[in-house]
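Analysis of the macromolecular model
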Amino acid sequence: MKEVVQWGGLELDESGRYYLSGKMLGLASTSQAMCLRERALPHLMELHYQTGMSVQLAVREKHEVMYVEALRAHPNYTGRNKMGGHFQLHVTASGLVLLAHERDEYVEDYLQQPLKRYTEHTIADPGHLRSTLKDIRQQGYFVAHRCVSPSAGGIAAPIVGLDGEVRAAVGLTYEVGKVNPAALVDLVRVNATRITRALREKPQLDPRTVDFNRRQAGIA
């Protein structure tokens, strides 16, 4: 910890608590996940506004799904599907969508680890999981009903990167018994498609930014 503080990655406040420094946050902002988040955020906000439900942007980190953005319906919510939260891939809708588009070798390696079960609906049987992943690839989305909690479900759809591979997923969390998840699938898929398109668009810089960059480079 001392070495990280000396390097400048952490800072220590008066109460003795550590927190991320501006240096660390600056490095994070240049990562691929944060660039993805920046392109996706307007569409995530639109989905959140349309539904009033919690919306997530997820990527794979080793054998887990990691949320790089989470717009939550209730600000006091403390569940794992918050920004920076993790779950095993087979547990959530977003994780299953990401797992479905991995190489066969990766999937088989994943199936060798203990598959934690949160509810009786968690897909933790290898055979069932294989068939579910096949279905996801065919239909282009997944509804994970009560897989994490008996009172909640999730819907997710894939986001395709510039290389044509699935690199992320849009997820939405709904309350069981209050909504029909089938009525939300198209909204999730449409926003995933919009984010995919946004990743392919060349960002347009404000002319004032271009002028500033040119002056800073001495070519104005």
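Here's what I pulled together on the structure shown here. (Residues numbered from 1 in each chain as written. Predicted model: local features only at pLDDT ≥ 70, side-chain atom pairs only at ≥ 80, totals over all residues. Heavy atoms only, no water.)

1. Let's talk about the overall build of the protein chain
Worth spelling out the cut-off: Per the convention used, a helix needs a DSSP run of H or I reaching at least four residues, while a strand needs a run of E reaching at least two, with both numbered from the N terminus. Note on classification: 1.4 Å probe, protein chains only; a residue is buried when its accessible area is under 20% of the maximum for its type, exposed when over 50%, partly exposed between these limits. Whether two residues are in contact is decided by their heavy atoms: any pair within 4.5 Å suffices.
What the protein chain contains, in helices and strands, is eight helices and eight strands. For the protein chain, with 220 residues in total, the buried portion stands at 39%. Contacts in the protein chain between residues far apart in sequence, at least 24 positions, make up 53% of those at least 6 positions apart.

2. Some points on the environment of Phe87
Mapped onto the elements of the fold, Phe87 is located in strand E5 (residues 86-88). Judged by relative accessible area, which is 7%, Phe87 ranks as buried. Between the alpha carbons of Phe87 and Arg60 there is a distance of 9.9 Å; along the sequence they are 27 residues apart. Leaving out residues up to four positions away in the same chain, Phe87 has contacts with His63, Glu64, Val65, Tyr67, Arg80, Asn81, Thr92, Tyr118 and Val148.

3. Comments concerning the nonpolar core
Rules: Throughout this description, the term nonpolar core refers to a set of buried Ala, Val, Leu, Ile, Met, Phe, Trp, Tyr and Cys residues connected via side-chain atoms within 4.5 Å.
Among the nonpolar cores identified, the biggest contains 28 residues, and Leu99, Leu129, Leu133 and Phe142 are the most heavily contacted of them. Those elements giving two or more residues to this core turn out to be strand E4 (64-71), helix H4 (93-100), helix H5 (104-110), helix H6 (126-139), strand E6 (142-149) and strand E8 (166-175). Broken down by element, this core gets its largest block of residues, six residues, from H4. Among the nonpolar cores identified, the runner-up in size contains 26 residues, and Met53, Val68, Val176 and Val188 belong to it.

4. Quick look at the packing of aromatic side chains
Inclusion rule: Stacked, tilted and edge-to-face are the three classes applied to pairs of Phe, Tyr and Trp rings, where Trp contributes its six-membered ring and a pair requires centres within 6.5 Å; stacked means planes under 30 degrees apart, edge-to-face means over 60, and tilted covers the rest.
Per the counting criterion, the structure on display carries one aromatic pair. Arranged with centres 5.7 Å apart and planes meeting at 70°, the rings of Phe87 and Tyr118 form a pair that is edge-to-face. Here Phe87 is found in strand E5, whereas its partner Tyr118 is found in the loop between H5 and H6, with 31 residues between them in sequence. Residue class for Tyr118 comes out partly exposed when judged on its relative accessible area of 28%.

5. Description of unusual backbone geometry
The backbone phi angle of Lys62 is positive, close to 60°, even though this residue is not glycine. When you line up the elements, Lys62 lands in the loop between strand E3 (54-61) and E4. Even without a glycine there, the phi angle at Arg146 is positive, about 60°. Assignment of secondary structure puts Arg146 in strand E6.

6. Some details on the packing of helix H3 (residues 32-51) against helix H7 (residues 185-200)
Rules: For every element, the axis is a line fit to its C-alpha atoms; helices are fit only across the contacting stretch, and the angle between N-to-C directions ranges from 0 to 180 degrees. Throughout, the term roughly parallel applies to angles under 35 degrees, roughly antiparallel to angles over 145, roughly perpendicular to angles from 65 to 115, and oblique to all others. Two helices crossing with the near one rotated counterclockwise from the far one by less than a right angle form a left-handed crossing, whereas a clockwise rotation gives a right-handed crossing.
Their axes nearest at 9 Å, the elements H3 and H7 cross at an angle of 160°. Classified by the interaxial angle, the pair formed by H3 and H7 is roughly antiparallel. H7 is crossed by H3, and the crossing has right-handed handedness. Residues Leu36, Arg39, Ala40, His43, Leu44, Glu46, Leu47, Gln50 and Thr51 of H3 touch H7, and the partners they reach there are Leu187, Val188, Asn191, Arg194, Ile195, Ala198 and Leu199.

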